[in-house]
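Structure at a glance
Now for the letters of each chain:
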Amino acid sequence: MAGAVGGPRVLLRKLREVMAEQVTAQQRLDMIVVLIASNMVAEVCSVYLMRPTNELELFATEGLKPTAVHKTRLRVGEGLIGDIASHARPLNLADAQSHPGFAYRPETGEEVYKSLMGVPVLRSGRVVGVLAVQNRTKRNYTEEEVEALQTVAMVLAEVVAAGDLINLNELDGATQTQRRPLHIAASPFAEGIALGHAVMHEPRVHVTRLIAEDVDVELERLEQSVYQLRGSIDDMLETEDLSHAGDHREVLQAYRMFANDRGWLQRMSEAVRTGLTAEAAVERVQNDTRARLLRAADPYLRDRLHDFDDLANRLLRQLTGVKLSSASGNLPNDTILIARNMGPAELLDYDKVRLRALVLEEGAANAHVAIVARALGIVTVGRADAILDSIDTGDAIIVDGDAGDVYIRPTSDIIDAYSEKARFRARKQEQYQAIRHEPSVTSDGEPVALYVNAGLQVDLRHLHESGAEGIGLFRTELQFMVAAKLPSLKDQIELYTAVLDAAGDHPTVFRTLDVGGDKMLPYMDVAAFKEENPALGWRAIRIGLDRPALLRHQLRALLTAAAGRSLRVMFPMVAEVAEFKRARAFVDKELARLKKFGHPVPAHLEIGTMLEVPSLVWQLDTLLPLVDFVSVGSNDLMQFLFAVDRGNSRVSNRYDLLSPATLGFLRFIVTKCRAHNVPVTLCGEMSGRPLEAMALVGLGFRRISMSPAAIGPVKMMVRSLPAGLLETFMEGLYGLPDASVREQLADFAADHGVVI
Ligand code: PEP
Ligand code: MG
């Protein structure tokens, strides 16, 4: 049986010589087919390249009739060559002509050749052509020969790309959908419109050094890098900070498993032994994975293949020294960042000035990266299905954070429409700016205080820019989440002092740590957090009461920072009056301690609670006499009321908050608070949406707290609202049997000129 002459290494060495010659790409291709044919002892070697028409055109051949070159074309799926392209997998046939897929092309003169071995030519997992050898006799090509041909196909892909033999950007079929304008319906996470260019958070590495000079050196490099990769994943799992919590941890665990997969390393080592550099070998194996990934319909399988793909990317970055985009420093001014998912700390590593938008393939609206993105005013969408496979660095992209739409390589009419939309938004922003210092009072004279939600130092400027009354919710956990280690007492005092300094006379409500569940802290016992239902688990005040050191430290920091001024503190996730009492007792203890040591204390202190667990609503008569204020956390309250996971997009919008159930429930709270003369605020996401905010005013809320960007639109709404009329109108809604009264409220707004 015939075999390769001198093996793949000799072939690769000769290929390197061909690559170095000063010839055109077509000439190079012609030389390569001759070389392969003689090295593999084949009578025929042909290269077919993909055309934008989704056809494979014969570009070069040794053995078939030269007149067929640039004439013979096969559709993807047609004949054996088309079969290889459509499945992106090799074919190895001793008796090709008896294969049902065989398509005979008389102009090529191939009728005399019995056996065929062909492999796809892949670039970044996309089929750009097919490379095939044929023999007259019924020949059984060995697995090694198939491997060798695949390796050569990789070098060929570079010749094709470097020589502009075909326009890779125009390819059709599976490939061209990658380059065509594409619309992805994603989920809106942070509002706004952004036009810009894609930057991959984890950039793809294009390997240019393909052929090994010294195979042993390359094997050593590969092994070293896999070793380092395994080490870095172990490190990440051990010191995993909050930015890598939740889902990410599972991903890392899967990574660890795959990184230790022997088959994977073996396949890469074999590729090196055929004469490739370590990085080319990683890419060779990755190409196979990508090709399978692009065709896998099973979501579970896709996830697993994604893991391998991510791992290969890490390896490639390690081997070539390519860094994450945040570290590269040269971002375009209109960067739209694309990532599978990321933690808040990773986002904070980017230069905010250049960042227009963030697009996540995964993620959830209330995930911390989304909260941080909102705080930073970065337009964000998530759950952008398969975006990583559809986009490349530098592609034009439009992100609509209001509707959740993503347009990749948009057509000019989409660009025009969105440019207009962006201008419209800018004009609106000007209008909001114009009323920044105007009072937030309804058209019939009812003041409605608007506050901002905050949690990072970068948020503080929004307080003044937005013209809000104060900070209605300061989420203290964000400092803990973005830090790599537990913030010290001093760190906490510094932040709280900065917040109070920036707020000046504007009231600020600090909420004590709301961590646990999915908001993991690295310095806590991770095993204790493995929970089936984290939202219902050991979190927030439950941790504070069970492990009081953390809570007491935080209270000490707050009391110290507010020395001589006003301090407002509230507790998250309180479910019963007894919990509030115990938490409050810690404040008194810390206060007494400071006084005992002669430290200054706040001049004025108010202690309240979040109202976000339904059980507490049924204890208002006993709770309210004990608190200075309450703040309704509608995100959690509604999650528990309707039993819908707020982070699960399949159900989170299933029930309308503008329903008799919600409104009646909130009305009950307002009535109780009024009767007890206790101020009540609502600080969930619903207060930032004008129609929802209108309903809240109609229910009797006179304080609402929201993301800073919502202040303008909500104030516009307030100033145009006849609150008394709405209150009367809403009396008729509470008893309706409808699932939603959104339409009735929208009609009211339209009839009364309320700006929504
Ligand atoms: C809420 O639950 O509504 C709330 C404001 O708190 P968080 O979103 O931080 O849970
Ligand atoms: Mg909450």
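Further up the page is the structure itself.
Below is a short write-up of the structure. In every chain, residue numbers begin from 1 and rise along the written sequence. All chains are assigned letters beginning at A, and all ligands numbers beginning at 1, according to the order in which they are written. Side-chain atom pairs in this predicted model are given and counted only at pLDDT of 80 or more, local residue features only at pLDDT of at least 70, and totals for whole chains, interfaces and linings cover all residues. Only heavy atoms go into the side-chain values, all of them from the structure, while hydrogens and water stay out.

Looking now at the site of ligand 1. With respect to spatial proximity, 13 residues lie near ligand 1, and among them Arg475, Arg511, Gly633, Asn635 and Arg646 are the closest. At a separation of 3.0 Å, an oxygen atom of ligand 1 approaches a polar side-chain atom of Asp636. Only the protein chains shown count as covering a residue, and every accessible area follows the Shrake-Rupley method with a 1.4 Å probe. For ligand 1, the accessible surface in isolation is 290 Å², of which the surrounding protein chains cover 99%. Per the convention used, a helix needs a DSSP run of H or I reaching at least four residues, while a strand needs a run of E reaching at least two, with both numbered from the N terminus. Among the elements that make up the shell around ligand 1, the one with the highest residue count is helix α23 (residues 634–642) (3 residues). Following the grouping adopted for this structure description, the nonpolar residues are Ala, Val, Leu, Ile, Met, Phe, Trp, Tyr, Cys and Pro, the charged ones are Asp, Glu, Lys and Arg, and the polar ones are all others, Gly among them. Split by residue class, the shell around ligand 1 holds 3 nonpolar, 4 polar and 6 charged. Residues are classed as near a molecule or strand on a simple rule: at least one heavy atom within 4 Å of it. Any pair of nitrogen or oxygen atoms within 3.5 Å is treated as a polar contact; in protein, a donor-acceptor pairing is required on top of that, and neighbouring residues in sequence qualify only through side-chain atoms on both sides.

Tracing the chain through its elements places Glu279 in helix α9 (residues 278–295). Throughout this description, buried means an accessible area under 20% of the type-specific maximum (1.4 Å probe, protein chains only), exposed means over 50%, and partly exposed covers the range between. In this structure Glu279 comes out as buried when scored by relative accessible area, which is 6%. One polar contact links Glu279 to Arg221, side chain to side chain, over a distance of 2.8 Å. Whether two residues are in contact is decided by their heavy atoms, any of which lying within 4.5 Å being enough. What Glu279 contacts, discounting residues up to four positions off in sequence, is Val207, Arg209, Glu218, Arg221, Leu316, Leu319 and Thr320.

Criterion used throughout: strands pair if DSSP finds at least two bridges between them. Taking strand neighbours across the sheet as the criterion, the 6 strands line up as β3-β2-β1-β6-β5-β4 in an open arrangement whose pairing is antiparallel. Edge positions in the sheet fall to β3 (73–75) and β4 (91–93), since each has one partner strand and no second. Across this sheet, the average inter-strand angle for adjacent strands is 25°, counted without regard to direction. In this structure, strand β1 (residues 44–50) lies alongside strand β6 (residues 126–135), joined through 6 bridges in antiparallel fashion. The residue bridging Val47 from the neighbouring strand is Leu131, located in β6. A fitted line through C-alpha atoms serves as each axis, taken over the contacting stretch for helices, and the angle formed by two N-to-C directions is quoted from 0 to 180°. Relative to the sheet, helix α2 (residues 25–39) contacts β1, β2 (55–62) and β6, its axis offset from that of β2 by approximately 65°.

Glancing now at the environment of His604. Looking at where His604 falls in the secondary structure, it is placed in strand β19 (residues 604–611). Of the residues examined, His604 reaches a relative accessible area of 35% and is grouped as partly exposed. Along the sequence, His604 and Ala562 sit 42 residues apart, while their C-alpha atoms lie 9.0 Å from each other. Ignoring sequence-local partners within four residues, the contact set of His604 consists of Arg565, Ser566 and Leu567. A polar side-chain atom of His604 sits 3.0 Å from a polar atom in the side chain of Glu606.

Glancing now at the sheet that holds strand β11 (residues 355–360). Overall, mixed pairing links the 8 strands, which are arranged β7-β14-β13-β9-β10-β11-β12-β8 in an open sheet. Each end of this open sheet is capped by a strand with a single partner; those strands are β7 (182–185) and β8 (187–190). With direction set aside, neighbouring strand axes in the sheet form an average angle of 30°. Across the sheet, helix α14 (residues 412–434) touches β9 (193–200), β13 (396–400) and β14 (405–408), and the angle it forms with β9 is around 120°.

We now examine the coordination of the magnesium ion (ligand 2). A donor here means an N, O or S atom no more than 2.8 Å from the metal, or no more than 3.2 Å when the metal is Na, K or Ca. Since water is not included, a site may seem to lack partners. Coordination of the magnesium ion (ligand 2) by the protein involves Glu612 (OE) and Asp636 (OD), with metal-donor separations of 2.0 to 2.2 Å. On the criterion of sequence distance, the pair formed by Glu612 in the loop between β19 and α21 (614–617) and Asp636 in helix α23 is long-range, its members being 24 residues apart. Take Asp636: its relative accessible area is 2%, and that puts it in the buried class.

We now examine the pairing of strand β18 (residues 566–571). Across the 6 residues of β18, 5 count as buried, placing the element largely inside the fold. Alignment of strand β17 (residues 508–511) against β18, held across 3 bridges, turns out to be parallel. Counted as the bridge partner of Arg511 is Met570 from β18. As paired elements, β18 and β19 share 6 bridges and run parallel to each other. If you follow Arg568 over to β19, its bridge partner there is Glu606. A crossover connection joins β18 to the parallel β19 through helix α20 (residues 577–596); in handedness this β-α-β unit is right-handed. When the strands point away from the viewer, a crossover counts as right-handed if the path from the first strand over the helix to the second runs clockwise.

Moving on, we get to the environment of Pro106. Looking at the element boundaries, Pro106 is found in the loop between β4 and β5 (115–123). Taking relative accessible area as the criterion, Pro106 reaches 48% and is therefore assigned partly exposed. Spatially, the C-alpha atom of Pro106 lies 9.7 Å from that of Thr72, the residues being 34 residues apart in sequence.

Between side chains of opposite charge, pairing is possible as soon as their charged atoms come close. Take a side-chain nitrogen of Lys or Arg and a carboxyl oxygen of Asp or Glu: if they are within 4 Å of each other, that pair is a salt bridge. In this structure the tally under the stated criterion is 43 salt bridges. Across the salt bridge formed by Arg511 and Asp514, the nearest N and O atoms sit 3.5 Å from each other. For Asp514, a relative accessible area of 2% translates into the label buried. Arg689 serves as the salt-bridge partner of Glu692, at 3.3 Å between the closest nitrogen and oxygen. Its relative accessible area of 5% is what places Glu692 among the buried residues. Taking relative accessible area as the criterion, Arg689 reaches 37% and is therefore assigned partly exposed. Several salt bridges converge on common partners, so that one network encompasses Glu477, Arg511, Asp514, Arg539, Asp636 and Arg646.

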